[in-house]
Amino acid sequence: MVSILLPQPGRPYVEVDAAGGSKICDVDPAEVIALYKAYGAVLFRGFGVDIAQFQHFTAQYCATSVINESPGRDPIDVKNNIHTVDGGIAPFSLHPELSREPWKPDVAFFACQSPPTRGGETLICDGVEIVHQMPDQLRRDLSGRRLVYAQPTWPDLLEFWLGTIEPSAAILSNPPRSCPYRFVSVGDALARVFSRPALHRPMFTDQLAFGNFLLFARFNNGRSNFPVLDDGQPVPEAWLQEIKIIGDRLAAPIAWRAGDVLMLDNSRYMHGRTQILDTRERRIATFFGYLRFALPDPEEPSQAPWREADFQPPLSPALAAYR
(Lines give C-alpha, C1' and ligand atoms only; values in the text may rest on other atoms or scores of the structure.)
Protein backbone atom coordinates (compact mmCIF):
# COMPACT_ATOMS: atom_id res chain seq x y z
CA MET A 1 0.00 0.00 0.00
CA VAL A 2 1.09 3.54 -0.74
CA SER A 3 -0.50 6.95 -0.31
CA ILE A 4 -0.62 9.21 -3.38
CA LEU A 5 -0.91 12.97 -3.00
CA LEU A 6 -1.62 14.74 -6.27
CA PRO A 7 -0.12 18.18 -7.01
CA GLN A 8 -1.56 21.26 -5.39
CA PRO A 9 -0.70 24.98 -5.48
CA GLY A 10 2.91 25.43 -4.40
CA ARG A 11 3.67 21.70 -4.80
CA PRO A 12 3.64 20.81 -8.51
CA TYR A 13 4.86 17.25 -7.98
CA VAL A 14 3.03 14.05 -7.05
CA GLU A 15 4.07 12.67 -3.66
CA VAL A 16 3.99 8.88 -3.25
CA ASP A 17 4.34 7.97 0.42
CA ALA A 18 5.27 4.54 1.71
CA ALA A 19 2.88 2.67 3.98
CA GLY A 20 3.17 -0.59 5.87
CA GLY A 21 6.87 -1.12 5.18
CA SER A 22 6.44 -1.12 1.40
CA LYS A 23 9.50 -0.95 -0.87
CA ILE A 24 9.85 1.47 -3.76
CA CYS A 25 10.17 -1.32 -6.31
CA ASP A 26 6.83 -2.72 -5.12
CA VAL A 27 4.96 0.37 -6.34
CA ASP A 28 2.98 -0.61 -9.43
CA PRO A 29 5.07 0.51 -12.44
CA ALA A 30 1.92 1.10 -14.50
CA GLU A 31 0.70 3.55 -11.86
CA VAL A 32 4.08 5.28 -11.72
CA ILE A 33 4.15 5.66 -15.49
CA ALA A 34 0.61 7.09 -15.53
CA LEU A 35 1.48 9.65 -12.85
CA TYR A 36 4.75 10.52 -14.59
CA LYS A 37 3.04 11.06 -17.95
CA ALA A 38 0.27 13.18 -16.42
CA TYR A 39 2.31 15.37 -14.07
CA GLY A 40 6.01 15.02 -14.97
CA ALA A 41 7.36 15.06 -11.40
CA VAL A 42 6.99 12.33 -8.78
CA LEU A 43 8.58 12.33 -5.31
CA PHE A 44 8.79 8.97 -3.52
CA ARG A 45 9.05 9.45 0.24
CA GLY A 46 9.39 7.13 3.22
CA PHE A 47 10.74 4.12 1.33
CA GLY A 48 14.26 4.42 2.78
CA VAL A 49 15.85 3.88 -0.61
CA ASP A 50 19.52 2.87 -0.70
CA ILE A 51 21.75 2.80 -3.79
CA ALA A 52 20.96 -0.82 -4.67
CA GLN A 53 17.22 -0.11 -4.54
CA PHE A 54 17.73 3.11 -6.49
CA GLN A 55 19.55 1.21 -9.24
CA HIS A 56 16.84 -1.44 -9.44
CA PHE A 57 14.10 1.21 -9.49
CA THR A 58 15.65 3.21 -12.33
CA ALA A 59 16.21 0.02 -14.34
CA GLN A 60 12.46 -0.67 -14.22
CA TYR A 61 11.85 2.42 -16.34
CA CYS A 62 15.02 3.07 -18.35
CA ALA A 63 16.46 1.02 -21.18
CA THR A 64 19.72 2.98 -21.40
CA SER A 65 21.53 5.80 -19.61
CA VAL A 66 23.97 8.61 -20.27
CA ILE A 67 26.90 9.84 -18.24
CA ASN A 68 26.98 13.52 -17.37
CA GLU A 69 30.59 14.45 -18.06
CA SER A 70 30.45 17.69 -16.03
CA PRO A 71 33.29 17.84 -13.50
CA GLY A 72 32.59 17.60 -9.80
CA ARG A 73 30.41 14.48 -9.88
CA ASP A 74 31.74 11.60 -7.80
CA PRO A 75 31.08 8.02 -8.90
CA ILE A 76 28.83 5.95 -6.65
CA ASP A 77 28.05 2.95 -8.89
CA VAL A 78 30.08 3.32 -12.08
CA LYS A 79 28.73 0.12 -13.68
CA ASN A 80 25.17 1.42 -13.44
CA ASN A 81 26.02 5.07 -14.16
CA ILE A 82 25.05 6.45 -10.75
CA HIS A 83 26.99 9.52 -9.63
CA THR A 84 26.62 12.34 -7.15
CA VAL A 85 25.39 15.76 -8.12
CA ASP A 86 27.91 18.54 -8.70
CA GLY A 87 29.98 18.95 -5.57
CA GLY A 88 30.06 22.75 -5.45
CA ILE A 89 28.11 25.02 -3.15
CA ALA A 90 26.73 27.67 -5.53
CA PRO A 91 23.02 27.91 -6.32
CA PHE A 92 22.09 26.59 -9.75
CA SER A 93 19.75 28.26 -12.21
CA LEU A 94 16.91 26.25 -13.67
CA HIS A 95 17.83 23.87 -16.48
CA PRO A 96 16.95 20.47 -17.91
CA GLU A 97 19.80 18.00 -17.48
CA LEU A 98 22.29 18.01 -20.38
CA SER A 99 20.16 20.39 -22.43
CA ARG A 100 23.35 21.79 -23.93
CA GLU A 101 23.65 18.57 -25.99
CA PRO A 102 21.33 16.86 -28.52
CA TRP A 103 21.07 13.75 -26.32
CA LYS A 104 19.19 15.42 -23.47
CA PRO A 105 17.96 12.48 -21.35
CA ASP A 106 14.27 11.71 -21.05
CA VAL A 107 14.26 11.44 -17.27
CA ALA A 108 16.35 12.64 -14.34
CA PHE A 109 16.33 10.60 -11.13
CA PHE A 110 17.67 11.97 -7.83
CA ALA A 111 18.05 9.96 -4.62
CA CYS A 112 18.86 11.54 -1.26
CA GLN A 113 21.44 9.59 0.69
CA SER A 114 22.08 12.34 3.23
CA PRO A 115 19.92 15.48 3.48
CA PRO A 116 21.25 18.91 4.40
CA THR A 117 20.09 20.45 7.66
CA ARG A 118 19.72 23.85 5.98
CA GLY A 119 19.95 25.02 2.38
CA GLY A 120 20.73 22.82 -0.59
CA GLU A 121 17.11 22.35 -1.62
CA THR A 122 16.53 21.08 -5.14
CA LEU A 123 14.20 23.38 -7.08
CA ILE A 124 11.87 22.13 -9.79
CA CYS A 125 9.85 24.13 -12.28
CA ASP A 126 7.29 23.06 -14.87
CA GLY A 127 8.31 24.44 -18.26
CA VAL A 128 4.69 24.27 -19.42
CA GLU A 129 3.64 26.59 -16.62
CA ILE A 130 6.43 29.02 -17.52
CA VAL A 131 4.93 29.39 -20.99
CA HIS A 132 1.44 29.80 -19.50
CA GLN A 133 2.68 32.71 -17.39
CA MET A 134 4.71 34.47 -20.06
CA PRO A 135 3.44 37.84 -21.21
CA ASP A 136 1.78 37.53 -24.60
CA GLN A 137 4.49 39.53 -26.34
CA LEU A 138 7.30 37.36 -24.99
CA ARG A 139 5.45 34.20 -26.00
CA ARG A 140 5.01 35.62 -29.51
CA ASP A 141 8.69 36.62 -29.65
CA LEU A 142 9.77 33.06 -28.82
CA SER A 143 7.18 31.21 -30.90
CA GLY A 144 8.65 29.74 -34.04
CA ARG A 145 12.19 30.69 -33.07
CA ARG A 146 15.02 28.22 -32.62
CA LEU A 147 18.07 28.07 -30.39
CA VAL A 148 21.39 27.17 -31.98
CA TYR A 149 24.13 25.44 -29.98
CA ALA A 150 27.62 25.61 -31.51
CA GLN A 151 30.59 24.03 -29.72
CA PRO A 152 34.17 23.04 -30.57
CA THR A 153 35.34 19.70 -31.95
CA TRP A 154 38.47 17.65 -31.26
CA PRO A 155 39.95 14.53 -32.89
CA ASP A 156 38.30 11.93 -30.64
CA LEU A 157 34.89 13.53 -31.16
CA LEU A 158 35.30 13.57 -34.94
CA GLU A 159 36.39 9.91 -34.86
CA PHE A 160 33.41 9.00 -32.69
CA TRP A 161 30.75 10.64 -34.87
CA LEU A 162 32.33 10.64 -38.33
CA GLY A 163 34.72 7.70 -38.23
CA THR A 164 37.80 9.80 -38.98
CA ILE A 165 39.80 12.58 -37.39
CA GLU A 166 40.18 14.25 -40.80
CA PRO A 167 36.72 14.21 -42.37
CA SER A 168 36.38 15.14 -46.01
CA ALA A 169 33.99 17.79 -47.25
CA ALA A 170 31.71 14.98 -48.44
CA ILE A 171 31.54 13.41 -44.97
CA LEU A 172 30.97 16.78 -43.29
CA SER A 173 28.09 17.55 -45.62
CA ASN A 174 26.57 14.08 -45.23
CA PRO A 175 27.39 12.70 -41.76
CA PRO A 176 26.14 9.26 -40.66
CA ARG A 177 22.45 8.97 -39.81
CA SER A 178 23.28 8.43 -36.14
CA CYS A 179 25.12 11.76 -35.88
CA PRO A 180 23.07 14.53 -34.21
CA TYR A 181 25.28 17.39 -35.43
CA ARG A 182 26.05 19.37 -38.51
CA PHE A 183 29.58 20.66 -38.83
CA VAL A 184 30.66 24.14 -39.89
CA SER A 185 34.02 25.79 -40.37
CA VAL A 186 34.90 28.59 -37.97
CA GLY A 187 38.20 30.04 -39.13
CA ASP A 188 40.66 27.15 -39.14
CA ALA A 189 38.53 24.99 -36.84
CA LEU A 190 35.39 22.90 -37.07
CA ALA A 191 32.37 23.47 -34.86
CA ARG A 192 29.59 21.01 -34.10
CA VAL A 193 26.11 22.51 -34.23
CA PHE A 194 22.59 21.45 -33.37
CA SER A 195 19.33 23.34 -32.96
CA ARG A 196 16.08 23.00 -31.01
CA PRO A 197 12.89 25.11 -30.78
CA ALA A 198 12.92 27.92 -28.22
CA LEU A 199 9.52 26.63 -27.06
CA HIS A 200 9.09 22.89 -27.48
CA ARG A 201 6.50 20.17 -26.91
CA PRO A 202 7.47 17.78 -24.11
CA MET A 203 7.22 14.03 -24.48
CA PHE A 204 3.79 13.53 -22.89
CA THR A 205 1.85 16.74 -23.48
CA ASP A 206 0.89 18.79 -26.51
CA GLN A 207 1.33 22.04 -24.59
CA LEU A 208 4.39 24.16 -25.28
CA ALA A 209 7.14 24.33 -22.67
CA PHE A 210 10.26 26.35 -22.00
CA GLY A 211 13.21 24.10 -21.14
CA ASN A 212 16.75 24.61 -22.42
CA PHE A 213 20.23 25.76 -21.40
CA LEU A 214 19.58 29.51 -21.63
CA LEU A 215 19.12 30.34 -17.93
CA PHE A 216 22.05 28.26 -16.73
CA ALA A 217 24.34 29.62 -19.46
CA ARG A 218 23.44 33.23 -18.67
CA PHE A 219 23.06 33.26 -14.89
CA ASN A 220 25.57 30.57 -13.85
CA ASN A 221 28.14 30.61 -16.64
CA GLY A 222 27.84 34.30 -17.51
CA ARG A 223 27.43 33.55 -21.23
CA SER A 224 25.07 35.50 -23.45
CA ASN A 225 26.14 33.81 -26.71
CA PHE A 226 25.32 30.14 -26.00
CA PRO A 227 22.91 29.22 -27.30
CA VAL A 228 22.03 31.94 -29.80
CA LEU A 229 18.89 32.54 -31.83
CA ASP A 230 18.43 31.14 -35.33
CA ASP A 231 19.61 34.44 -36.84
CA GLY A 232 22.90 34.18 -34.95
CA GLN A 233 22.01 36.92 -32.48
CA PRO A 234 22.09 36.49 -28.69
CA VAL A 235 18.78 36.03 -26.94
CA PRO A 236 17.82 39.52 -25.71
CA GLU A 237 18.70 40.18 -22.10
CA ALA A 238 15.19 41.49 -21.43
CA TRP A 239 13.72 38.13 -22.47
CA LEU A 240 16.08 36.23 -20.19
CA GLN A 241 15.38 38.47 -17.23
CA GLU A 242 11.63 38.08 -17.69
CA ILE A 243 11.87 34.29 -17.97
CA LYS A 244 14.09 34.16 -14.88
CA ILE A 245 11.55 36.13 -12.86
CA ILE A 246 8.79 33.72 -13.90
CA GLY A 247 10.93 30.66 -13.20
CA ASP A 248 12.03 31.94 -9.80
CA ARG A 249 8.41 32.58 -8.87
CA LEU A 250 7.28 29.11 -9.95
CA ALA A 251 10.25 27.09 -8.66
CA ALA A 252 9.18 24.66 -5.93
CA PRO A 253 11.72 23.42 -3.37
CA ILE A 254 12.31 19.79 -2.50
CA ALA A 255 13.34 19.77 1.16
CA TRP A 256 15.18 16.45 1.09
CA ARG A 257 14.73 13.61 3.54
CA ALA A 258 17.01 10.58 3.65
CA GLY A 259 15.81 7.89 1.25
CA ASP A 260 13.74 10.23 -0.96
CA VAL A 261 13.69 9.64 -4.72
CA LEU A 262 12.61 12.24 -7.28
CA MET A 263 11.62 11.17 -10.81
CA LEU A 264 11.54 14.16 -13.16
CA ASP A 265 10.43 14.44 -16.78
CA ASN A 266 13.51 16.10 -18.27
CA SER A 267 11.58 17.05 -21.42
CA ARG A 268 9.11 19.10 -19.38
CA TYR A 269 10.67 20.10 -16.05
CA MET A 270 13.74 22.13 -15.23
CA HIS A 271 15.59 21.85 -11.96
CA GLY A 272 18.08 23.89 -9.98
CA ARG A 273 19.15 24.28 -6.37
CA THR A 274 19.56 26.75 -3.57
CA GLN A 275 22.96 27.49 -2.11
CA ILE A 276 24.57 24.58 -0.28
CA LEU A 277 25.73 25.54 3.19
CA ASP A 278 27.49 22.32 4.22
CA THR A 279 28.75 19.93 1.53
CA ARG A 280 29.55 17.30 4.17
CA GLU A 281 25.84 16.88 4.88
CA ARG A 282 24.30 16.88 1.43
CA ARG A 283 24.74 13.76 -0.70
CA ILE A 284 22.39 13.26 -3.63
CA ALA A 285 22.74 10.42 -6.15
CA THR A 286 21.73 10.87 -9.79
CA PHE A 287 20.81 8.72 -12.75
CA PHE A 288 19.95 10.14 -16.18
CA GLY A 289 18.25 7.80 -18.61
CA TYR A 290 16.16 7.03 -21.65
CA LEU A 291 12.73 5.57 -20.98
CA ARG A 292 11.44 2.21 -22.11
CA PHE A 293 8.13 3.95 -22.82
CA ALA A 294 9.66 7.01 -24.49
CA LEU A 295 8.16 9.02 -27.31
CA PRO A 296 11.47 10.28 -28.76
CA ASP A 297 11.82 13.82 -30.00
CA PRO A 298 11.27 13.73 -33.79
CA GLU A 299 14.37 15.90 -34.14
CA GLU A 300 16.57 13.11 -32.78
CA PRO A 301 18.48 11.08 -35.38
CA SER A 302 16.69 7.91 -36.43
CA GLN A 303 19.43 5.72 -35.01
CA ALA A 304 20.25 7.71 -31.88
CA PRO A 305 23.09 5.82 -30.18
CA TRP A 306 21.94 6.86 -26.71
CA ARG A 307 18.81 4.76 -27.22
CA GLU A 308 20.80 1.76 -28.46
CA ALA A 309 23.16 1.32 -25.50
CA ASP A 310 24.41 3.16 -22.42
CA PHE A 311 26.01 6.29 -23.81
CA GLN A 312 29.35 7.87 -22.98
CA PRO A 313 30.48 10.37 -25.61
CA PRO A 314 34.17 11.27 -25.82
CA LEU A 315 35.41 13.77 -23.26
CA SER A 316 36.80 17.07 -24.39
CA PRO A 317 40.54 17.39 -23.78
CA ALA A 318 39.89 19.96 -21.04
CA LEU A 319 37.60 17.60 -19.12
CA ALA A 320 39.85 14.61 -19.74
CA ALA A 321 42.76 16.54 -18.22
CA TYR A 322 40.57 17.50 -15.26
CA ARG A 323 39.84 13.84 -14.55
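Everything below is about the structure printed above this text.
Residues numbered from 1 in each chain as written. Predicted model: local features only at pLDDT ≥ 70, side-chain atom pairs only at ≥ 80, totals over all residues. Heavy atoms only, no water.

J.: Help me understand the overall build of the chain in this model?
T.: For the chain, the count of helices and strands is 9 helices and 17 strands. In terms of C-alpha radius of gyration, the chain reaches 20 Å, essentially the compact-globule figure of 20 Å for 323 residues. Each principal axis of the C-alpha atoms in the chain carries an extent, and together these give about 65 × 45 × 40 Å. Taking as baseline every contact in the chain between residues at least 6 positions apart, the subset at least 24 positions apart corresponds to 79%. Per element, the accessible surface of the chain, about 14600 Å² overall, is 52% carbon and sulfur. (Helix = DSSP H or I, 4+ residues; strand = E, 2+ residues; numbered from the N terminus. Rg over C-alpha atoms; globule rule 2.2 N^0.38 Å. Contact = heavy atoms within 4.5 Å. Areas by Shrake-Rupley, 256 points an atom, 1.4 Å probe, with all protein chains shown as cover.)

J.: Any chance you could explain the environment of Pro314 here in plain terms?
T.: Residue position: Pro314 is located in the loop between strand 17 (283-291) and helix 9 (317-322). Taking the C-alpha atoms as reference, Pro314 lies 9.7 Å from Trp161; in sequence the two are 153 residues apart. The contacts of Pro314, once residues within four sequence positions are left out, are Trp154, Asp156, Leu157 and Phe160.

J.: Sorry if this is basic, but what is going on with the environment of Phe288 here?
T.: Here Phe288 is to be found in strand 17. On the accessibility criterion, Phe288 (3% relative accessible area) is buried. For the pair Phe288 and Thr64, spaced 224 residues apart in the sequence, the C-alpha separation amounts to 8.9 Å. Discounting residues that sit within four places of it in the chain, Phe288 has contacts with Ser65, Val66, Asn68, Arg73, Glu97, Pro105, Val107, Ala108 and Phe110. (Buried < 20%, exposed > 50% of the residue type's maximum accessible area, 1.4 Å probe, protein only.)

J.: So what exactly am I meant to see when it comes to the packing of aromatic side chains here?
T.: Two aromatic rings are characterised by how far apart their centres lie and by the angle between their planes. In this structure the tally under the stated criterion is 26 aromatic pairs. Geometrically, the ring pair formed by Phe92 and Phe216 is edge-to-face, given 5.2 Å between the ring centres and 80° between the ring planes. Of the two residues, Phe92 is situated in strand 7 (residues 92-95) and Phe216 in helix 7 (residues 214-219); the sequence distance between them amounts to 124 residues. Their ring planes at 85° and their centres at 4.9 Å tell us that Phe160 and Trp161 sit as a pair that is edge-to-face. What makes Phe160 partly exposed here is its relative accessible area of 38%. Note that Arg11 overlies the ring of Tyr13, its terminal NZ or CZ placed 5.7 Å from the centroid. Above the ring of Phe92, the side-chain terminus of Arg273 is found at 3.9 Å from the ring centroid. (Phe/Tyr/Trp six-rings, centres within 6.5 Å; stacked < 30°, edge-to-face > 60°. Lys NZ or Arg CZ within 6 Å of the ring centre and 35° of its normal.)

J.: What is the right way to read the side chain of Asp77 from this model?
T.: The topology assignment puts Asp77 in strand 5 (residues 75-77). Sequence-distant contacts of Asp77, defined by excluding residues within four places in its chain, comprise Ile51, Gln55 and Ile82.

J.: When you look at the pattern of salt bridges in this model, what are you seeing that I'm missing?
T.: Pairing is possible between side chains of opposite charge, provided their charged atoms come close. Counted under the stated rule, the structure contains 17 salt bridges. A salt bridge links Arg100 to Glu69; the shortest N-O distance between them is 3.0 Å. Highlighted residues: Arg100 in the loop between strand 7 and strand 8 (107-114) and Glu69 in the loop between strand 4 (62-65) and strand 5, separated in sequence by 31 residues. Neither residue differs from the other here; Arg100 and Glu69 are each classed as buried. Linking Arg196 and Glu299 is a salt bridge whose minimum nitrogen-to-oxygen distance equals 3.7 Å. Here the residue Arg196 occupies a position in strand 12 (residues 189-197), and Glu299 occupies one in the loop between strand 17 and helix 9, the gap between them amounting to 103 residues. Among the charged side chains, a salt-bridge network with shared partners connects Arg146, Arg196, Asp297 and Glu299. (Salt bridge = Lys/Arg side-chain N within 4 Å of Asp/Glu carboxyl O.)

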